[in-house]
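Structural characterization, general
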Amino acid sequence: MIRPEDQLRSGHVPADLIPPGADPRSVVIVHTTPRSWTGPVVLILVAAVGICGLVYVTTVAVLSLVQVAAATAAAVKTAIPTLIGGGGLVTLALKVPKAPRK
């Protein structure tokens, strides 16, 4: 056994771990269980899926609002002549001043 933790797991108690004056047969080494990474990994995966889902839902909502705004703008554009009156005879124009003659 090359590694000290393997020696401890097999029940061998090194002399440097035994307190002076203690009976080596009464020394007990307590081992901790290895850490499980399942919980943190699952938590990170769930958080990533949640963030991706939130981005997707937000994108769909924004695109739906843009689509509604575009449809509303098209309806208003076709309804303006009727609302102003004249059945399309009224047009809006921008007057540009003429250039001065030389």
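The following paragraphs examine the structure supplied in this document. Residue positions are counted from 1 within each chain, in the order its sequence is given. Where totals are concerned, whole chains, interfaces and linings use all residues; where local detail is concerned, this predicted model gives features only for residues with pLDDT of at least 70, and gives and counts side-chain atom pairs only at 80 or more. To obtain the side-chain values, all non-hydrogen atoms of the structure were used and water was disregarded.

1. Regarding the overall build of the chain
Which entries qualify depends on this criterion: Counting from the N terminus, the helices are the DSSP runs of H or I reaching at least four residues and the strands are the DSSP runs of E reaching at least two. Exposed residues in this analysis have more than 50% of their type's maximum accessible area, buried residues have under 20%, and partly exposed residues fall in between, with area computed by a 1.4 Å probe over protein chains only. Only the protein chains shown count as cover for residues, with accessible areas throughout obtained via the Shrake-Rupley method and a probe of 1.4 Å.
Of regular secondary structure, the chain possesses 2 helices and 0 strands. Relative to its full complement of 102 residues, the chain shows a buried share of 2%. Total accessible area on the chain stands at roughly 9,600 Å², and carbon and sulfur atoms take up 70% of it.

2. Looking at the packing of aromatic side chains
Applicable threshold: Here a Phe, Tyr or Trp ring, Trp counted by its six-membered ring, pairs with any other such ring whose centre lies within 6.5 Å, and the pair is stacked when the planes are under 30 degrees apart, edge-to-face when over 60, and tilted otherwise. By the criterion adopted, a ring carries a charge over it if an Arg CZ or a Lys NZ lies within 6 Å of its centre and within 35 degrees of its normal.
Under the counting rule described, the total for this entry stands at 0 aromatic pairs. One residue, Arg 35, lies across the ring of Trp 37, its end atom 4.7 Å from the ring centre.

3. Here's the deal with a nonpolar patch on the surface
So the rule is basically this: Patch membership requires more than 30% relative accessible area and the absence of a salt bridge. Residues of like charge join within 9 Å; the nonpolar side chains Val, Leu, Ile, Met, Phe, Trp and Tyr join within 5 Å. Salt bridge, as used here: a side-chain nitrogen of Lys or Arg that lies within 4 Å of a carboxyl oxygen of Asp or Glu.
A surface patch of nonpolar side chains, about 340 Å² in accessible area, is lined by Trp 37, Val 41 and Leu 45. Its location among the elements puts Trp 37 in the loop between α1 (4–9) and α2 (38–84).

Don't take any of this as a statement about function, it's just geometry.
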